[in-house]
Amino acid sequence: MKSNPVISAHVMPVICIKVVTGDGTQENPTGIQAQYWSLDGMLLAQRNADITANK
């Protein structure tokens, strides 16, 4: 599989928070989600966090 060439990359400051999700039921178990926010309050990305990692 051929990948597309990268035309730009840069590092920028973001705010990373971890939030508890779910209500603890079998249908909606509790988890941790990492959210990444810009400094001006825009949600950039979110993902389920690995609760076994100590980060």
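Note that this is a predicted model, so its numbers are computed, not measured.

Draft legend 1. Just the overall build of the protein, in detail. Scanning the protein for helices and strands turns up zero helices and three strands. Out of the 55 residues in the protein, the part that is buried amounts to 11%. Sequence separation of 24 or more characterises 7% of the internal contacts of the protein that already satisfy a separation of 6 or more. Summed over its atoms, the accessible surface of the protein is roughly 5100 Å², and 57% of this surface lies on carbon and sulfur atoms.

Draft legend 2. Spotlight on the sheet that holds strand β2 (residues 31-37). Ordered in space as β1-β2-β3, the three strands form an open sheet in which the pairing is antiparallel. Looking at strand neighbours, the two that pair on one side only are β1 (15-21) and β3 (43-48), the edges of this open sheet. The average undirected angle you get between the axes of adjacent strands in this sheet is 25°.

Draft legend 3. Summary view of a nonpolar patch on the surface. A contiguous nonpolar patch, built from Met12, Val14, Met42 and Leu44 and spanning about 380 Å² of accessible area, is present on the exposed surface. Tracing the backbone shows Met42 in the loop between β2 and β3. A residue is classified by how much of its surface remains accessible, and Met42, at 54% relative accessible area, is exposed.

Rules behind the numbers
- Residues numbered from 1 in each chain as written.
- Predicted model: local features only at pLDDT ≥ 70, side-chain atom pairs only at ≥ 80, totals over all residues.
- Heavy atoms only, no water.
- Helix = DSSP H or I, 4+ residues; strand = E, 2+ residues; numbered from the N terminus.
- Buried < 20%, exposed > 50% of the residue type's maximum accessible area, 1.4 Å probe, protein only.
- Contact = heavy atoms within 4.5 Å.
- Areas by Shrake-Rupley, 256 points an atom, 1.4 Å probe, with all protein chains shown as cover.
- Pairing = 2+ DSSP bridges.
- Axes fitted to C-alpha atoms, helices over the stretch in contact; angles between N-to-C directions.
- Patch = residues over 30% accessible without salt bridge, like charges linked within 9 Å, V, L, I, M, F, W, Y side chains within 5 Å.
- Salt bridge = Lys/Arg side-chain N within 4 Å of Asp/Glu carboxyl O.

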